[in-house]
Amino acid sequence: MAESAELYRPGLEGIVAGETSVSTVLQDSLAYRGYTIEDLAEHASFEETAYLLLRGELPSASQLAAFRSELDRHRPLNPHVLEVLRRIPAETPGMDVLRTTLSMAAHFDPYRGNDLDALVGRATYALAVVPGIIAARMRLLAGQPLIEPKPGLSHAAQFLYQAFGQMPTAMNEKILNLTFVLYAEHEFNASTFACRVTTSTLSDMYSALVTGIGTLKGPLHGGANEESIKAINQYKSAAEAQAATETQVGGGKLIMGFGHRVYKNGDHRARILEKYVEPLGRERNDMNRVEIYHAIKNVVWERKKIHMNVDYPCGLVYFFMGLPLDVYTPLFVASRISGWAAHAIEQFTNNRLIRPRSRYVGPEIRPYRPVGER
Ligand code: CMC
């Protein structure tokens with residue numbers, strides 16, 4: 001009892017809960033398999049990044065081509081998955097829809113066994129179907145016909161094409177690819193850790209991925225990108241945003257898209273993505289929203305010395321790309337599946353059941369009293 005009490009930290013803050021070679025989160029860098037996020041953001045496609053996470057090395061040209069054609073092979077959604085999508089009530093949140101439909105799609109996974117190729121194949125299947133599910137749901141809600149996938153497009157362009165029914169601009173493809181690269185992996189964050197716990201019981205990869213979805217949904221985690229744009233959109237001017245944020249911060253309210261458990265000097269991913277906020281605002285002729293964005297950020301920094309995290313610029317960037325709010329966190333999933341699956345594979349192939357202890361704070365041992373005596 002004393003030992004576990006000594007090791008206890010609320011929220012497991014600062015606790016090393018396992019070893020990984022998938023990524024590392026440090027104050028001055030984030031690296032996937034040894035490549036910095038700055039380097040990957042500048043040069044890599046999401047497909048290369050996902051391959052790197054799943055296999056441990058960047059792909060050769062032929063390996064990349066094979067991976068991309070495997071993704072294309074799995075993109076058409078099974079009719080039963082589409083049927084489920086059509087039956088889910090319109091008001092159901094996008095993350096709940098994804099939780100149910102990825103689970104449904106799992107029943108049509110063509111891979112058998114648990115060797116490395118089968119595990120990577122299963123992850124590839126999940127990566128391929130999730131954007132198609134998000135795009136199909138978006139179009140069903142808008143009362144628009146569904147768009148068949150077009151083989152040969154990049155992962156980012158494919159989603160935008162199926163979502164909007166037309167080829168994306170080069171800028172939108174580039175930015176969506178960038179958010180996919182930035183969101184792909186983040187060490188032992190809550191959803192990844194949850195995936196590893198599920199995997200550690202020797203459960204299957206889809207159970208781990210669905211665990212990840214349920215965990216990412218919360219506003220303290222991936223749900224923050226939707227919450228941050230809701231905050232920006234409620235103000236008409238930077239002055240109004242500044243005054244309201246001052247009041248909120250003064251009253252101890254959490255401002256979504258700010259703060260981080262690990263980064264105390266700022267989130268590298270947020271700085272990389274923020275470079276696109278102003279160009280997009282100018283392109284959309286909506287610099288007022290950019291000013292509101294900066295006004296909130298400045299108050300949180302001046303009053304609390306808290307930096308933005310990646311979800312803050314992401315909310316505005318997705319808004320400027322014309323994406324409906326309900327797909328922001330699902331798009332985080334579309335990317336993070338690569339990291340979750342890489343961790344599930346790592347856990348599975350070198351497993352020890354994750355089963356920590358708790359510090360007991362309940363009543364002393366006491367005798368049972370029959371119901372009539374209570
Ligand atoms: N707005 C206002 N105050 C904040 C915020 C915020 N977003 N984040 C932290 N603080 C305050 C917190 O109230 C505390 O103040 P005090 O010392 O006066 O009580 C202080 O900063 C230290 O915070 P903490 O509670 O030690 O931070 P934590 O490590 O427990 O929480 C966090 C990390 C991400 C849960 C938290 O910063 C938060 O709730 N942020 C808002 C939600 C959010 O943006 N989540 C996305 C996280 S990153 C990307 C992702 O995973 O999706």
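Calculation criteria
- Residues numbered from 1 in each chain as written.
- Predicted model: local features only at pLDDT ≥ 70, side-chain atom pairs only at ≥ 80, totals over all residues.
- Heavy atoms only, no water.
- Near = heavy atom within 4 Å.
- Polar contact = N/O pair within 3.5 Å; in protein donor to acceptor, adjacent residues only side chain to side chain.
- Areas by Shrake-Rupley, 256 points an atom, 1.4 Å probe, with all protein chains shown as cover.
- Nonpolar A, V, L, I, M, F, W, Y, C, P; charged D, E, K, R; others polar.
- Axes fitted to C-alpha atoms, helices over the stretch in contact; angles between N-to-C directions.
- Helix = DSSP H or I, 4+ residues; strand = E, 2+ residues; numbered from the N terminus.
- Parallel < 35°, antiparallel > 145°, perpendicular 65-115°, else oblique.
- Left-handed = near helix turned anticlockwise from the far one by under 90°.
- Contact = heavy atoms within 4.5 Å.
- Buried < 20%, exposed > 50% of the residue type's maximum accessible area, 1.4 Å probe, protein only.
- Salt bridge = Lys/Arg side-chain N within 4 Å of Asp/Glu carboxyl O.

Of all residues adjacent to the ligand, which total 19 residues, the nearest are His221, Ile255, Phe258, Arg261 and Asp311. Asn309 places a polar side-chain atom, nitrogen or oxygen, 2.9 Å from an oxygen atom of the ligand. Here the ligand, which alone exposes 930 Å², has 68% of that area covered by the protein. A breakdown of the residues in the shell around the ligand according to their chemical character gives nine nonpolar, six polar and four charged.

Moving on to the packing of helix 10 (residues 190-200) against helix 11 (residues 205-216). In contact at an axis separation of 8 Å, helix 10 and helix 11 are set at 150° when each is read in the N-to-C sense. In terms of axis orientation, helix 10 runs roughly antiparallel to helix 11. Judged by the sense of rotation from one axis to the other, the crossing of helix 10 with helix 11 is right-handed. Only Ser207, Ala208, Thr211, Gly212, Thr215 and Leu216 of helix 11 make contact with helix 10, whose side of the interface consists of Ala190, Ser191, Ala194, Cys195, Thr198 and Thr199. Here the residues of the contact of helix 10 with helix 11 sort into five nonpolar, seven polar and no charged.

Turning to its location among the elements, Arg369 is positioned in the segment after helix 18 (328-349). With a relative accessible area of 45%, Arg369 lands in the partly exposed category. Here Glu373 takes part through its backbone oxygen, which lies 2.9 Å from a polar atom of the side chain of Arg369.

With that settled, consider the pattern of salt bridges. Applying the stated rule across the entire model yields 17 salt bridges. We note a salt bridge from Lys217 to Asp96, for which the minimum N-O separation is 2.8 Å. In this pair, Lys217 sits in the loop between helix 11 and helix 12 (224-233) while Asp96 sits in helix 6 (residues 94-106), placing the two residues 121 residues apart along the sequence. For Asp96, a relative accessible area of 14% corresponds to the buried category.

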